[in-house]
Amino acid sequence: MSNFIYPWQEASWQQLQLLRQRMPHAILFHGAAGIGKSDFIERFAQGLLCEAVLPDGHACGQCASCGWFSQQNHPDYRRVRPEALEDEPAADGDEGDGEAKKSSAKSAKAPSKEIKIEQIRNLADFMNISTHRQGLRVVVLYPAEALNMPASNALLKTLEEPPPGTVFLLASNSLDRLLPTILSRCRKFALPMPSHAEALAWLKSQGVADADSWLREQGGAPLAAMAQAEVGNRDDLEVLLQLLAHPSVEGALKVADKLQKVPLSAQVSWLQRWLYDVFSYKLAGNIRYYPRYRKELASLAAKIHVSRLLAAIKGANERRATADHPLSPKLFLEDMLLDYAACCA
Ligand SMILES: [Zn+2]
């Protein structure tokens, strides 16, 4: 697995190797969410640290450095992510700052989705000691838009006076959410969206059933499609889409009861995509996410006034923010679906 990158990243990988001659202090990888940016930069990080790197820039997977890397305890490597991402099952011995462990151990508090200033401060000690292998020190940080303001400022200070021998690899889904001063300190590197055919072939090779639908619903981003296919339940999605296609008050209440245990954030995204399709059909006759509901989308687009549609889209965006902490999932859903039914009435 050590030299694994996704098929649509081959050209980027080769292009990136050219930078190794004169490594920038910081590279900011950007592109759509769900296309495999974090895996890509972790592979690159491993290649930078490897003691017997292959001619194509991939790590050897055999040396001591690669061994530490795959166990997530390389002394010259740090990975900075929001606590919420650290909930993923990790290999033995985590980052070593103990922070993620402490909070995921037993606290009732939801893990943070931000990168906090302590996480940036913790890097200071790491950067002040000499490297263990007399090579590079590598810091991987993603998603960069998760940096809160104090953390952004702390990182900016570090980027302004880069410690020698240290490379920062950042990844971001949306450059417009980063401080311009951070942008200006990084070499930007775009990672492409795969073509539909390429992404589809890959999903099928991973054994994802109904890959085409998942891929379309995730706007063509293959890793997002795979994640949804793994956690999302197609039956639940269909129940919701059936209601959205044929809205009624009675139906809204029934569906809210039936889907109250399904993650709310997923359901809000399904509604957001649906509204996006109605809107885009109304404006331009395009359907991006749910082409199999063309007939229903077209009839809704003809019926709903654009101002109501915009209000519904705004409402769904606002719900997205509270979906993680609803007082009652069922009430949350009832409210959301009744609003939708009213908008279509
Ligand atoms: Zn190696």
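Residues numbered from 1 in each chain as written. Predicted model: local features only at pLDDT ≥ 70, side-chain atom pairs only at ≥ 80, totals over all residues. Heavy atoms only, no water.

Caption draft 1: Region of the structure containing the overall build of the protein chain. Secondary structure assignment for the protein chain yields 16 helices and five strands. Relative to a compact globule of 345 residues, whose C-alpha radius of gyration would be 20 Å, the protein chain shows 23 Å and is just as compact. The dimensions of the protein chain, computed from C-alpha atoms along their principal axes, are 70 × 45 × 35 Å. Taking all 345 residues of the protein chain together, 49% fall into the buried category. (Helix = DSSP H or I, 4+ residues; strand = E, 2+ residues; numbered from the N terminus. Rg over C-alpha atoms; globule rule 2.2 N^0.38 Å. Buried < 20%, exposed > 50% of the residue type's maximum accessible area, 1.4 Å probe, protein only.)

Caption draft 2: Broad picture of the coordination of the zinc ion. Listed as protein donors to the zinc ion are Cys50 (SG), Cys60 (SG), Cys63 (SG) and Cys66 (SG); their distances from the metal cover 2.3 to 2.4 Å. Around the zinc ion sit four donor atoms, and with donor-metal-donor angles ranging over 101 to 118 degrees the site reads as tetrahedral. In the primary structure, the donors to the zinc ion are separated according to the pattern C-x9-C-x2-C-x2-C. With cysteine 50 in the loop between α2 (37-49) and α3 (64-70) and cysteine 66 in helix α3, this pair connects stretches of sequence that are 16 residues apart. Residues cysteine 50 and cysteine 66 agree in their burial class; the two are buried. (Donors = N, O, S within 2.8 Å, 3.2 Å for Na, K, Ca; no water. Tetrahedral: all angles 85-135°; square planar, octahedral: opposite > 155°, others 65-115°.)

Caption draft 3: Quick look at the nonpolar core. Judged by nonpolar contacts, the single largest core of 39 residues is most densely connected at Leu244, Trp274, Tyr290, Leu337 and Tyr340. Within the residue set of this core, elements represented by two or more residues are α11 (234-245), α12 (249-258), α13 (264-284), α14 (294-303), α15 (306-322) and α16 (329-344). By residue number, the principal contributor to this core is α13, which donates nine residues. When neighbours within four sequence positions are excluded, tyrosine 290 is seen to be in contact with Glu217, Leu237, Leu241, Trp270, Arg273, Trp274, Asp277 and Leu297. Among the nonpolar cores identified, the runner-up in size contains 38 residues, and Tyr6, Phe44, Trp202 and Ala221 belong to it. (Core = buried A, V, L, I, M, F, W, Y, C linked by side-chain atoms within 4.5 Å. Contact = heavy atoms within 4.5 Å.)

Caption draft 4: Focus on helix α10 (residues 222-231). Burial in α10 covers these residues: Pro222, Leu223, Ala224, Ala225, Met226 and Gln228. Those residues of α10 that are buried are in contact with α2, α8 (196-205), α9 (211-217) and α13.

Caption draft 5: Here's a closer look at the pattern of salt bridges. Tallied over the full model, the rule gives nine salt bridges. Among the ionic pairs, arginine 292 bridges to glutamate 238, the shortest N-O distance being 2.4 Å. Of this pair, arginine 292 sits in the loop between α13 and α14 while glutamate 238 sits in helix α11, placing them 54 residues apart in sequence. Judged by its relative accessible area of 39%, arginine 292 is partly exposed. With relative accessibility at 24%, the residue glutamate 238 sits in the partly exposed group. For aspartate 335, the salt bridge identified is with arginine 319, shortest N-O distance 2.8 Å. Within this pair, whereas aspartate 335 is found in helix α16, its partner arginine 319 is found in helix α15, the two being separated by 16 residues in sequence. Judged by its relative accessible area of 42%, aspartate 335 is partly exposed. Residues joined in a network through salt bridges with shared partners are Glu217, Glu238 and Arg292. (Salt bridge = Lys/Arg side-chain N within 4 Å of Asp/Glu carboxyl O.)

Caption draft 6: The confidence of the model for the protein chain, seen in detail. With 91% of its residues at a pLDDT of at least 70, the protein chain reaches an overall mean of 88. For the protein chain, the element scoring lowest by mean pLDDT is helix α4 (residues 99-106), at 38; strand β1 (residues 26-30) scores highest, at 98. Low pLDDT (under 50) marks residues 88-107, which in the prediction has 22 contacts with non-local residues, meaning those over four places away or in another chain. (pLDDT = per-residue confidence, 0-100.)

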